[in-house]
Amino acid sequence: MRRTLLVVVATVVLLAGCSMASASDDGDGFVAAQGTTDFAVDERQPAPAVSGPVLDGSTLSLADLDGPVVINFWASWCGPCAQEAPHLAAIAEQYDEVEFVGVNGRDTPANATAFEREYDISYPSWDDESAAIASQFGALGPAGLPSTVLLDRQHRVA
């Protein structure tokens, strides 16, 4: 299990690094950023108790997910999000022991649903049009799109 998580983490970090540009404000409130931040086990902060509607109309709580979680912040209008979407979808299908969930921000549910269908995304995505879920993560959350936050088994930001 630990090796599997390391493979998933390494793959997601590689995808994130490939899709990010140098820091710049796109005028829409999002800032592209480079790199990753890794937190030592004793420095990890718990993820917020996120709960809300997902794009299929049901409700999902982070507490409903077991084990490690990959949280991907994305939007249908985000070019780098489209580049990494098929890779994340494939990784999610390959590793059943790791939960995946998306956070679709500043987007309409119709556009987000079409994006998920186009890229065969099978994991749920919170509908976060107002960026309320993203803001719950505070400084641990996304500085730009796409962004990926990895949670360990105890749902602490890794």
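The structure presented is a predicted model; accordingly, all values stated were derived computationally and were not measured.

*Asks:* Help me understand the pairing of strand β5 (residues 69-74) in this model?
*Replies:* Look at any regular strand and the pattern is simple: side chains alternate between the two faces of the sheet. Taken across its six residues, β5 has six buried, putting it largely inside the fold. The two faces of β5 match: Val69, Ile71 and Phe73 on one face and Val70, Asn72 and Trp74 on the other face are all buried. Relative to strand β6 (residues 99-105), β5 runs parallel, the two sharing six bridges. Each bridged residue has a counterpart across the sheet, and for Trp74 the counterpart in β6 is Asn104. In the classification by handedness, the crossover that spans β5, the intervening helix α2 (residues 79-94) and the parallel β6 is right-handed. Bridge count between β5 and strand β8 (residues 147-151): five bridges; the pairing is antiparallel. Bridging across to β8, Val70 finds its partner in Leu150.

*Asks:* Can you walk me through the packing of aromatic side chains in this structure?
*Replies:* For any two aromatic rings, the description comes down to two numbers: the centre-to-centre distance and the angle of the planes. Across all of its chains, the model carries four aromatic pairs by this definition. Seen in terms of ring centroids, Phe100 and Tyr123 are 5.7 Å apart; in terms of plane orientation they differ by 40 degrees. Their pairing is tilted. Of the two residues, Phe100 sits in strand β6 while Tyr123 sits in the loop between α3 (109-118) and β7 (125-128), which places them 23 residues apart along the sequence. Here Phe100 falls in the buried class, since its relative accessible area comes to 5%. Judged by its relative accessible area of 9%, Tyr123 is buried. Centroid distance Phe115 to Tyr119: 4.8 Å. Interplanar angle 55 degrees. Geometry classified as tilted. Given a relative accessible area of 5%, Phe115 falls into the buried group.

*Asks:* Hey, could you run me through the pattern of salt bridges in this one?
*Replies:* Two side chains of opposite charge can pair, provided their charged atoms sit close to one another. Overall, the coordinates contain two salt bridges when judged by the stated rule. Asp152 is paired through a salt bridge with Arg44; the nearest N and O atoms lie 3.0 Å apart. With a gap of 108 residues between them, Asp152 in the segment after β8 and Arg44 in the loop between β2 (31-32) and β3 (51-53) connect regions that are remote in the sequence. Using a relative accessible area of 6% as the deciding quantity, one classes Asp152 as buried. The partner of Asp152 in a salt bridge is Arg156, and the shortest N-O contact between them spans 2.8 Å. Given a relative accessible area of 22%, Arg156 falls into the partly exposed group. Where salt bridges share partners, they join Arg44, Asp152 and Arg156 into one cluster.

So, how was this worked out
Residues numbered from 1 in each chain as written. Predicted model: local features only at pLDDT ≥ 70, side-chain atom pairs only at ≥ 80, totals over all residues. Heavy atoms only, no water. Buried < 20%, exposed > 50% of the residue type's maximum accessible area, 1.4 Å probe, protein only. Helix = DSSP H or I, 4+ residues; strand = E, 2+ residues; numbered from the N terminus. Pairing = 2+ DSSP bridges. Right-handed = clockwise from strand over helix to strand, strands pointing away. Phe/Tyr/Trp six-rings, centres within 6.5 Å; stacked < 30°, edge-to-face > 60°. Salt bridge = Lys/Arg side-chain N within 4 Å of Asp/Glu carboxyl O.

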